[in-house]
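Each chain is listed here by its residues.
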Amino acid sequence: MRVLVVGAGLGGLTAATDLDAAGVDVVVLEARDRVGGRTHGIEVASGTWADAGAAYLGDRHTELHKLMAGLGLSATPTAMRGGSRFALGHGEKTRAGRFPPLNAVALGEMFDRLYDLVDAVRPDAPWLTPDAAALDSTTAAAWAAANLRHPDARLFFPLFLGEMMAADPAAISVLHMALYLRAGGGIRYLNAFDGGAQQDRVLGGAHQVAERLAGQLGDRVWLGHPVHAVEQDGGGVSVRSGDRCLTGDAVIVAVPPLLAQAIDFRPGLPAPRATAATGRGCAVKVQLVYPRAAWHEQGLSGWSVSATGPLLSTVDDSPPGGAGVLTGFVTGAEAYRFAGLDPVAREAEVLSQVGELFPRLGRPVAVHITDWVNEPYSKGCYAAVFGPGDWTRLGPHLIAPHGRVHWAGTETSTEFFGLMEGAIRSGHRVADEVLSLEGDK
Ligand SMILES: Cc1cc2nc3c(=O)[nH]c(=O)nc-3n(C[C@H](O)[C@H](O)[C@H](O)COP(=O)(O)OP(=O)(O)OC[C@H]3O[C@@H](n4cnc5c(N)ncnc54)[C@H](O)[C@@H]3O)c2cc1C
């Protein structure tokens, strides 16, 4: 049996690795000149790697942990010792812990309402949630306008979603928001460092997971091969990339839905994988490099939240015992604006904001800015954002095979949707699916 895999992100590489282990002949076609997709390591100082893409993981990310152990990779804790900095409209403030200096009752009521939505969503099949049509017909922005009365809740809600989903409430269907928060382990888990989804990072960078998987597959991973057409008939499937045409028995498409939608499938797909409402999370990640993590000497964790932009949040991503690395996130509509600036203006905005948040740090020795907004082969960073009507329309078809075409990628996983863990689980699921075909013969 020969299986062609489109996309060398964690989803595609996991699937290819499982199939290879089962004795299947696999070829992975990757559009970029590197593997890893939305995981991407950059060397920010000599020998110091930072995650320009996905970074954080928690104990519940069991498949990622298993994969890391098998590849000889380990986790390192994300340091959160010390106070947090907030710039929420009344100057900068320092607070112990991560709770913002806003009305606690108003934020508590906001989270209570969100918990109700998250508890109600059906995690395996969100489109079958009672009231799915109503929840999927409206945006998180409209939900907030109708449900959040206190100005502090209205201020904080888009910051919370911007941090969790890298998207603006106006782009997100309420059903998608509920599913995303549920799939990631619930609001408390998804939002937490200690004991939560941000507890750890991969020591040396998350990109190593894909690099090591690809290393094991060797010359069966073809870089620089964007797939633009997939044709199938009773005899097999052919996949076209530029002038090349590869044939096989099945193909696994492990790319985000908006990119899968751009592939010319013949015969055509019975149902779309994206609609005009399907959006994408948008993030620009900024790494400021210092000789050491000097914010600790000032009793600060490096964590900050700002309503003023461009950075929505900062977090300490320093490697153990090495340079100080402060990572900042610009998300949603602000990421589009920021990504449109020239590099000098971007850096000036970041330095000015960080100078106000952490006044005694001095100038960083380097600033690295990774723009995911304009990445042609991602379209969704952290992940695709399903807009109104998407889950009810697309959901039932997201993983249904189209003949010899099978689907993977984090957006096909209702467990840990949008996260590395979701991508890996999707890879295992699709490999089992393809292997079961062989068993049925
Ligand atoms: C800035 C950022 C921060 C994030 N933070 C976290 C985090 O802290 N924790 C976490 O768990 N997750 C995080 N994520 C999300 C995580 O990176 C993704 O969920 C996961 O990596 C997706 O893997 P995937 O295999 O589904 O898709 P991808 O990684 O997108 O892989 C798809 C691959 O397909 C390739 N491709 C696309 N189109 C074609 C084509 N036509 N032909 C051939 N190849 C094609 C792409 O180049 C890519 O390599 C973050 C993402 C970003 C961008």
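Residues numbered from 1 in each chain as written. Predicted model: local features only at pLDDT ≥ 70, side-chain atom pairs only at ≥ 80, totals over all residues. Heavy atoms only, no water.

Taking an unreviewed UniProt entry as the reference, the protein chain is identified by name as Flavin monoamine oxidase family protein belonging to Actinoplanes sichuanensis. Among the UniProt annotations of the protein chain, the heading Cofactor (unreviewed entry) holds the following wording: "FAD". As stated in UniProt under Sequence similarities (unreviewed entry), the record for the protein chain gives "Belongs to the flavin monoamine oxidase family." (UniProt positions renumbered as here; feature names shortened; annotations may be inferred.)

Engineer: Help me out: how do you make sense of the sheet that holds strand β1 (residues 2-6) in this one?
Structural biologist: Strand order in the open sheet made by the 5 strands is β10-β2-β1-β14-β23, with parallel pairing throughout. Single-partner strands in this sheet number two, and they are β10 (221-222) and β23 (405-407). Bridging between strand β2 (residues 25-29) and β10 involves 2 bridges; their strand directions are parallel. Its bridge partner being in β10, L29 is matched across the sheet by W222. Of the strands in this sheet, β1, β2, β10 and β14 (250-253) are in contact with helix α1 (residues 10-21), which crosses β2 at around 165°. (Pairing = 2+ DSSP bridges. Helix = DSSP H or I, 4+ residues; strand = E, 2+ residues; numbered from the N terminus. Contact = heavy atoms within 4.5 Å. Axes fitted to C-alpha atoms, helices over the stretch in contact; angles between N-to-C directions.)

Engineer: Help me understand the sheet that holds strand β13 (residues 244-248) in this model?
Structural biologist: Whether parallel or antiparallel, the strands of a sheet pair through hydrogen bonds between backbone atoms. Spatially, β13-β12-β11-β15 is the arrangement adopted by the 4 strands of the open sheet, whose pairing is mixed. With one partner strand each, in any of the chains shown, β13 and β15 (264-266) form the two edges of the open sheet. On average, each strand axis in the sheet is tilted by 15° relative to the strand beside it, whichever way the strands run. Summarising the sheet, strand β12 (residues 236-241) and β13 pair through 5 bridges and their orientation is antiparallel.

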